[in-house]
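A closer look at the structure
Here is how the chains run, residue by residue.
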Number of protein chains: 2
Amino acid sequence: MGKIDNHIYVIFGASGDLTKRKLMPALYSLYVQGLLPERFALLGASRTSFTNEAFRDSIRISLNEFNESDDFSKIEDFIAKIFYTPIEFDVLSSYHSLNNQLNVLRESFKIGGNIFFYLSTPPHLYGIIPGMLAEAGLNKQDDGWKRIIIEKPFGNDLESANKLKKLLLETWEENQIYRIDHYLGKETVQNLLVTRFSNGIFEPLWNRNYIHHVEITSAESIGVEKRGGYYETSGALRDMIQNHLLQVAAITAMEPPSSVEPVAIRNEILKVLQSLRPIKKEDVKKNVIRGQYLSSTIKGQKIIGYREEEGVSPDSNTETFAAIKFYIDNWRWGGVPFYIRTGKRLPTRVTEVVIHFRSTPHFLFSQDLNNNQLVIRIQPDEGILLKFGMKTPGAGFEVQTVNMDFHYSDISELRIPSAYERLIYDSLKGDSTLFARSEEVIEAWKFLMPILESWKNDPEIPLYGYPAGTWGPENADELIDGNEFAWRYPCKNLSDDGIYCEL
Amino acid sequence: MGKIDNHIYVIFGASGDLTKRKLMPALYSLYVQGLLPERFALLGASRTSFTNEAFRDSIRISLNEFNESDDFSKIEDFIAKIFYTPIEFDVLSSYHSLNNQLNVLRESFKIGGNIFFYLSTPPHLYGIIPGMLAEAGLNKQDDGWKRIIIEKPFGNDLESANKLKKLLLETWEENQIYRIDHYLGKETVQNLLVTRFSNGIFEPLWNRNYIHHVEITSAESIGVEKRGGYYETSGALRDMIQNHLLQVAAITAMEPPSSVEPVAIRNEILKVLQSLRPIKKEDVKKNVIRGQYLSSTIKGQKIIGYREEEGVSPDSNTETFAAIKFYIDNWRWGGVPFYIRTGKRLPTRVTEVVIHFRSTPHFLFSQDLNNNQLVIRIQPDEGILLKFGMKTPGAGFEVQTVNMDFHYSDISELRIPSAYERLIYDSLKGDSTLFARSEEVIEAWKFLMPILESWKNDPEIPLYGYPAGTWGPENADELIDGNEFAWRYPCKNLSDDGIYCEL
């Protein structure tokens, strides 16, 4: 860790949306903070034919639009470091000319041999580009480090993930590969680690003795927008649970690591994923609920259903909502149900982990059974909320549930870096803590395969419809045992049948 | 419990300050809320000769000044229920004429035989009035209940407390006697019970395994004002610790009661007081610190020292500050030090219980050893504050201590009744939960006697001076073991040598 070495940053898929909206603003923000090294260059590459100037023009426009820092004064300095080269991703000679281009930059800027390759491309290229780079000798680290960042998804099922893993490891070392999961770049996800392991008061409670169940909700209010074509090949389970939410669950559930070294933390995350109790095919119907949003009216505005979206088949069975109940079979969590719920066209955009604590062993006062909750809000309004019982002022001993909260925005002098900024910075330092290791990805796929296969093959498992703007199919409520407990609903239903959203 | 019976409320010492400032406003507030019964009368009694009208006039004036409700419209209705009779406290015939007076009121208002006697008198009368009432037959409950409320102090040491107890119990039953401790009437003190016993998350932590030490601070910024004469016979230990603060400590430390019935709660409080480890005379010097405020300048204003106060001897050894370290020898608290600190002319007025939790068993991050504290604020701004570690936004894993808090004022629609209002209401209902039982008072005296005796007899135990507006003698800091821990200072020093107070 420590200082960042001089390097060239190569972005494949440089003409795409992610580059404009996330990667360039993140790199520029690092630049204005003086976190990038003195000598570095940025090389965009994609199929499109651009001159350097044309590419710089497009970046200039997007930086002015998506700048995350307050500082606009250094945009021209930054842009002077940007270059462009067109590339045919499946043609080896293209990589040789890329190499030539890199050598020119290395010489003119006096940069050593450190190169970062960011694969902001369609997923099928994750198997092709690293191999081609290797064939062109661009994986060799004798003159400096070579690293690649791969975006999600890492495979589409267990088989393809294993195949991709094998392919990558033929020519690259595991420690050269950074599988980005932008969820892990979020402050509040990292704060989960700190909250759990820096406080004497939380860790004693963090186990089966005192926790009744754990809920992870990640809701989006938007639909699939223009990504219908991609989403048809994915669905909520692959798009959110396989990567982001199982990682969040693992960080919530992990044992204390022996240190904060990346390998120590990632070992503990892996152990959780290895301890997931497999869901048997015959239990899928009971323990996993899938749904698809239907057309609806929200605040008087007509919203189309998923099957009417652009690029979506009119008889699509792709789930836009998934809720799952599962167990972690280890000493800490034996018998404690975990619930994950995610969906599109829900009433609000919110991601949170809710620890539902057990109630007191004896009820002295009449009180709410579920009055002790720790809510770790990941987005929006990142922060932490503790619900607990206090005395209602006045005679007698009435209990009411009150909230104490802490908002990250309260430490207002500190800017919260974007997830991409944090992750790019870490990867440049060679810190892989917040990146998924291939074993983790494989374990997550292993866990989800029975569900994916049952959904595909078992016609008896229903795909429930839910009106856009509601909290998904009502059947998801029945996942949670007992009458006393329920999902936390950060706001009510948004569709005109329900109530408007209030956080 | 439940509804309040028709009754006559007799206040002895009716011409005093407490009657005007606290008792009448509390009774009036109950009246406007409709909590007093349909038929009741209020009879003031003291040495002064008043007509009913003159007494009513004085109450009218003070009610307008000290009214705690928003409602001024019912003052005349309330005052119409007030009567007055002069009394010679040590003359039996006076009580016979009081009895006659009561009979007249009973008949004209058609009130049964329920009578409450509130002794708002100098303490030496606590032994005289109840005996006289009994001689006049006013302790007999055959025609309705008879109850007495006694203000503090209950005795001046173990011997006098035992004597007073014996005297009272000769003619009255324990359950007829309400020893008022206005601290126990405070919402936040009662809320301690609710916070501890209605939350699954607090009770598992509430023991020697997770609590490092407990601190109870009760600071006053004022001096002895006009009460120098009384204070000379008392001092901080008798005035605050013997009653209020040992009760607060006992509620903080008590085992869960079997129910919220008064006797169940009071049994548990008594058990704590019985478990206090006696402080040996030879340990008084080490474990108890006494101080007396000296003249000083606060915000440019000269403040006189205690020995210059009116009614105070120029060579007085009365302590205006006391800090004490002690242990509760039971299974829950073995080895956990408790600290109580109280004083006059400290930088601010604040009373709070601070639970200092143990740190994590291993430090993954560089963090403050004492970053987990639960502050239960009794006054002012009643509420609760949790200090804990969270991640500093940005790269790496820096920990910073942040606060979550809950202020009673946030439940703003609910008015918090004054301590006297709550206690008078409870006593009228016959609920003795928040009153001290004679065994409790005796146990507290037992615990404090070695200190009082050593202070009196051992010339080697210093009385430290401290400048008015500071947190007492610095020697009090050394009571707390180790370098890492310290008293919580809700604000800094107020004297001109220090820093102004910021809460």
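Residues numbered from 1 in each chain as written. Chains lettered and ligands numbered in written order. Predicted model: local features only at pLDDT ≥ 70, side-chain atom pairs only at ≥ 80, totals over all residues. Heavy atoms only, no water.

Focus on the sheet that holds strand 6 (residues 177-179) of chain A
All names here are of chain A. The following threshold applies: Two strands are counted as paired when DSSP detects at least two bridges linking them. Comment: elements are numbered from the N terminus, with helices defined as DSSP H or I runs of at least four residues and strands as E runs of at least two. Interaxial angles span 0 to 180 degrees and are taken between N-to-C directions of axes, which are lines fitted to C-alpha atoms, for helices over the stretch in contact. Between two residues, a contact is recorded if the distance between any of their heavy atoms is within 4.5 Å.
Strands sit in the order 3-2-1-4-5-6 across an open sheet of 6 strands; the sheet is parallel. Every other strand in the sheet has two partners, leaving strand 3 (82-86) and strand 6 as the edge strands with one partner each. The average angle at which neighbouring strand axes cross in this sheet is 20°, direction not considered. As paired strands, strand 1 (residues 7-12) and strand 2 (residues 40-46) are joined by 6 bridges and run parallel to one another. Bridging from a neighbouring strand, I8 pairs with A41 of strand 2. Contacting strand 1, strand 2, strand 3 and strand 4 (115-119), helix 4 (residues 92-109) runs over the sheet at an angle of about 160° to strand 2.

Quick notes on the packing of helix 10 (residues 262-274) of chain A against helix 13 (residues 438-457) of chain A
Residue and element names in this part refer to chain A. Filter applied, for reference: Between 65 and 115 degrees an angle is taken as roughly perpendicular, under 35 as roughly parallel, over 145 as roughly antiparallel, and anywhere else as oblique. Each crossing gets its hand from how the near helix is turned against the far one by less than a right angle, where anticlockwise is left-handed and clockwise is right-handed.
Taken N-terminus to C-terminus, the directions of helix 10 and helix 13 make an angle of 15°; their axes are 9 Å apart at the nearest point. Here helix 10 is positioned roughly parallel relative to helix 13, judged by the angle of their axes. Between helix 10 and helix 13 the crossing geometry is left-handed. On the side of helix 10, the interface is formed by R266, I269, L270, L273 and Q274, while helix 13 contributes E439, E440 and E443.

Description of the interface of chain A and chain B
Test applied: Throughout, the accessible surface (probe 1.4 Å) given up by two parts as they are put together, summed over both, is called the buried area. The term salt bridge refers to a side-chain nitrogen of Lys or Arg lying within 4 Å of a carboxyl oxygen of Asp or Glu. By the criterion applied in these results, polar contacts are pairs of N or O atoms within 3.5 Å in which, for protein atoms, one can donate a hydrogen and the other can accept it, and in which residues neighboring in sequence qualify only through two side-chain atoms. In the scheme used here, Gly and all other residues not listed as nonpolar or charged are polar, with Ala, Val, Leu, Ile, Met, Phe, Trp, Tyr, Cys and Pro taken as nonpolar and Asp, Glu, Lys and Arg as charged.
Taken together, the contact pairs 57 residues of chain A with 57 residues of chain B. Taken over both partners, the interface formed by chain A and chain B buries close to 5000 Å², and the fraction arising from carbon and sulfur atoms is 73%. In this structure, the connection of chain A to chain B is made through 0 salt bridges. On the surface where chain A and chain B come into contact, there are 14 residue pairs in polar contact (both at pLDDT 80 or more). Mapped onto the side of chain A that touches chain B, the elements with two or more residues apiece are helix 7 (187-197), strand 15 (383-391), strand 16 (399-407) and helix 12 (419-429) of chain A. Class assignment for the residues of the side of chain A that touches chain B results in 30 nonpolar, 20 polar and 7 charged.

Details of the sheet that holds strand 2 (residues 40-46) of chain B
Residue and element names in this part refer to chain B. If you trace the 6 strands from one edge of the open sheet to the other, you get 3-2-1-4-5-6, paired in parallel fashion. The open sheet has two edge strands, strand 3 (82-86) and strand 6 (177-179), and neither has a second partner. Across the sheet, the axes of successive neighbouring strands diverge by a mean angle of 20°, strand direction being ignored.

Some points on the domain arrangement of chain A
Much of the literature gives interface size as the accessible area that the parts lose upon coming together. All names here are of chain A. Formally: Throughout the structure description, domain borders are defined by an automatic or database domain assignment.
You can read the domains of chain A as domain 1 (7-151) and domain 2 (184-479). Of note, the centres of domain 1 and domain 2, computed from C-alpha atoms alone, are 34 Å apart. Contact with domain 1, which involves 19 residues of that partner, is made by 11 residues of domain 2. Both sides of the domain 1 and domain 2 interface together cover about 1200 Å² of buried area, and 67% of this is carbon and sulfur. Among the residues domain 1 hides against domain 2, the three largest losses belong to L30, E68 and R147. Together they make up 30% of the total. Counting across the domain 1 and domain 2 interface gives 0 salt bridges. At the junction of domain 1 and domain 2, the tally comes to 6 residue pairs in polar contact (both at pLDDT 80 or more). Of the residues in the side of domain 1 that touches domain 2, the class split is 12 nonpolar, 3 polar and 4 charged.

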